Amino acid sequence: MKLRTLLFAALAAAATAAQPADLSQSMILVAKPELVDQLYGSTVLVVTPVGPDQHVGFIVNRPTEVTLGQLFPEDGPSQKVVDPVHLGGPLNSQVIFALVEGKQSPGSQSFELMPGLHAAVDADTVDRIIRTESDHARFVAGLVVWRRGELRAEIERGAWYVLPPEGHLTLRQPSQGLWEELVRISKVRANSI
């Protein structure tokens, strides 16, 4: 009886794994090693749906060599943020967004990327975060936007590992080594099914 239960559990897990990713939910995307791309190769992204089969997200493991203090030399609070600005994506790369850990929305035009992680998109809210809670934020330049069906096609082509949304994992310091760790975790999950 015990062997039969184990076999059923293994088959149920395999059936679940064979199901396509649920793109109606937030997720973490991990670029597969085979994804050879100057921008997206070796990246980790936090992604959320914003419409029918449309998604928005941010690369979280591409630190630049520029700090907020260098970008805004006249702003005292920006001088105190020592972490580099990260490249969040190619769209609006001249705009600084704040990815903020917390249960509450950080402000007006912010949106929840996944439980415990919000994106602040308006300048006033980002400025307030720089002044008051920069220790719980990552500042990114730009974002990634997928048109209808585009992310689904990329996943079906095998470009990404899809992991459940765990916001605290994606903002840990330092971000270097995060991709390698998540690739290992993704491979273990795939091989255990």
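Above: the structure in question.
Residues numbered from 1 in each chain as written. Predicted model: local features only at pLDDT ≥ 70, side-chain atom pairs only at ≥ 80, totals over all residues. Heavy atoms only, no water.

Trainee: Can you explain unusual backbone geometry? Please cite residues and give values.
Mentor: Phi at Ser42 is positive, roughly 60°, even though this residue is not glycine. By secondary structure assignment, the location of Ser42 is in the loop between strand E1 (27–31) and strand E2 (44–51). Non-glycine residue Asp53 carries a positive phi angle of around 60°. Classification of Asp53 as partly exposed rests on a relative accessible area of 23%. (Helix = DSSP H or I, 4+ residues; strand = E, 2+ residues; numbered from the N terminus. Buried < 20%, exposed > 50% of the residue type's maximum accessible area, 1.4 Å probe, protein only.)

Trainee: Pulling in residues and values, what's your account of the nonpolar core?
Mentor: Counting 36 residues, the largest nonpolar core has Leu29, Phe58, Leu99 and Leu151 as the members making the most contacts within it. The leading source of residues in this core is E1, at five residues. Apart from residues no more than four positions distant in its own chain, Leu151 is found in contact with Leu23, Met27, Leu29, Val47, His55, Trp146 and Trp160. Counting 13 residues, the second-largest nonpolar core is a separate cluster that includes Leu68, Ile96, Ala137 and Ala141. (Core = buried A, V, L, I, M, F, W, Y, C linked by side-chain atoms within 4.5 Å. Contact = heavy atoms within 4.5 Å.)

Trainee: So what's going on with the side chain of Thr48? Which residues, and what values?
Mentor: Examined against the element boundaries, Thr48 turns out to sit in strand E2. There is a polar contact of 3.0 Å between the side chain of Thr48 and the side chain of Ser26. Apart from the residues within four sequence positions on either side, Thr48 is in contact with Ser26, Gln54, His55, Val56, Phe111, Glu112 and Leu113. (Polar contact = N/O pair within 3.5 Å; in protein donor to acceptor, adjacent residues only side chain to side chain.)

Trainee: Give a description of the packing of aromatic side chains that names residues and reports values.
Mentor: The final tally for this structure, using the stated rule, is two aromatic pairs. The interplanar angle of 80° and the centroid separation of 6.3 Å between the aromatic rings of Tyr40 and Trp160 together place this pair among those described as edge-to-face. Of this pair, Tyr40 sits in the loop between E1 and E2 while Trp160 sits in strand E10 (residues 160–163), and the two are 120 residues apart along the sequence. Over the ring of Tyr161 we find Lys32, and its NZ or CZ is 5.1 Å from the ring centre. (Phe/Tyr/Trp six-rings, centres within 6.5 Å; stacked < 30°, edge-to-face > 60°. Lys NZ or Arg CZ within 6 Å of the ring centre and 35° of its normal.)

Trainee: Please set out a nonpolar patch on the surface residue by residue, giving values where relevant.
Mentor: There is a patch of nonpolar side chains on the surface, built from Val66, Leu71 and Phe72 and spanning about 230 Å² of accessible area. If you trace the backbone, Leu71 turns up in helix H2 (residues 68–71). Overall, the relative accessible area of 40% leaves Leu71 in the partly exposed class. (Patch = residues over 30% accessible without salt bridge, like charges linked within 9 Å, V, L, I, M, F, W, Y side chains within 5 Å. Areas by Shrake-Rupley, 256 points an atom, 1.4 Å probe, with all protein chains shown as cover. Salt bridge = Lys/Arg side-chain N within 4 Å of Asp/Glu carboxyl O.)

Trainee: Describe in detail the pairing of strand E5 (residues 84–87), supporting the description with residues and values.
Mentor: Looking at chain direction, strand E4 (residues 63–67) and E5 are connected through two bridges and run antiparallel. Each bridged residue has a counterpart across the sheet, and for Pro63 the counterpart in E5 is His86. The sheet contact formed by E5 and strand E9 (residues 137–146) spans two bridges and is parallel. Across the sheet, the residue bridging to His86 is Val140, located in E9. (Pairing = 2+ DSSP bridges.)

Trainee: Can you break down the environment of Leu45 residue by residue, with the values?
Mentor: Counting through the fold element by element, Leu45 comes out in strand E2. For the pair Leu45 and Trp179, spaced 134 residues apart in sequence, the C-alpha separation works out to 9.7 Å.

Trainee: Quick one: what's the story with the pattern of salt bridges, residue by residue and with numbers?
Mentor: All chains considered together, the criterion is met by three salt bridges. Among the ionic pairs, Asp53 bridges to Arg152, the shortest N-O distance being 3.2 Å. Of the two residues, Asp53 is situated in the loop between E2 and strand E3 (54–59) and Arg152 in helix H5 (residues 150–156); the sequence distance between them amounts to 99 residues. Here Arg152 falls in the partly exposed class, since its relative accessible area comes to 32%.

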